[in-house]
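# Chain and residue survey
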Amino acid sequence: MAAYNAPFPDESYLQGARQFPLLVPIAPFDEAAPANRRAWAVLETLQTPFLCAFSDRDYGAGDGERILRQRIPGAAGRPHTTITGAGHFVQEDRGPMLATVIDEFIHSTK
């Protein structure tokens, strides 16, 4: 936590970071939506192995895991993991577990 707080000397410096969630396009007419659609056009062609490793308490991701698994061809037929006891920042909550999942995935795709 200290590392996350280090660049923010006081509460007023956090205002910019708190705007990041508002940048996620949630409507078709959002100004970021065209770039998001272009990204999906590429993702939907990926044949390379694709891992979904979400946590069980990431309430911000919504249905993201299912959507990724359905829309990215490289995710088909792959084992996907739900990491328990973690929230949105799974790498912070269960970093060693996430590292193990990624390592196993890499080794399984050689």
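The rules behind the values
- Residues numbered from 1 in each chain as written.
- Predicted model: local features only at pLDDT ≥ 70, side-chain atom pairs only at ≥ 80, totals over all residues.
- Heavy atoms only, no water.
- Salt bridge = Lys/Arg side-chain N within 4 Å of Asp/Glu carboxyl O.
- Buried < 20%, exposed > 50% of the residue type's maximum accessible area, 1.4 Å probe, protein only.
- Phe/Tyr/Trp six-rings, centres within 6.5 Å; stacked < 30°, edge-to-face > 60°.
- Lys NZ or Arg CZ within 6 Å of the ring centre and 35° of its normal.
- Helix = DSSP H or I, 4+ residues; strand = E, 2+ residues; numbered from the N terminus.
- Lys, Arg positive; Asp, Glu negative; His and termini not counted.
- Polar contact = N/O pair within 3.5 Å; in protein donor to acceptor, adjacent residues only side chain to side chain.
- Contact = heavy atoms within 4.5 Å.

So, on to the pattern of salt bridges. Throughout the structure, instances matching the rule amount to four salt bridges. Glu11 serves as the salt-bridge partner of Arg18, at 2.7 Å between the closest nitrogen and oxygen. Among the ionic pairs, Arg66 bridges to Asp63, the shortest N-O distance being 2.5 Å. Assessed through its relative accessible area of 39%, Asp63 is described here as partly exposed.

Now for the packing of aromatic side chains. Summed over all chains, the structure comprises zero aromatic pairs. Directly above the ring of Trp40 sits Arg71, whose terminal nitrogen or CZ lies 4.0 Å from the centroid.

We now examine the environment of Ala2. Mapped onto the fold, Ala2 is located in helix 1 (residues 2–5). Distance from Ala2 to Leu23, taken between C-alpha atoms, is 26 Å for residues 21 residues apart in sequence.

Below, the discussion takes up the side chain of Asp58. As for its placement among the helices and strands, Asp58 is situated in the loop between strand 1 (53–55) and helix 3 (64–71). Within the buried set, Asp58 has no salt-bridge partner at all; the shortest N-O distance to an opposite charge, 9.8 Å, is to Arg57. Among the polar contacts made by the side chain of Asp58, one reaches the main-chain amide nitrogen of Ala61 at a distance of 3.2 Å. Residues contacting Asp58, with those up to four places away along its chain left out, are Ala86, Gly87 and His88.

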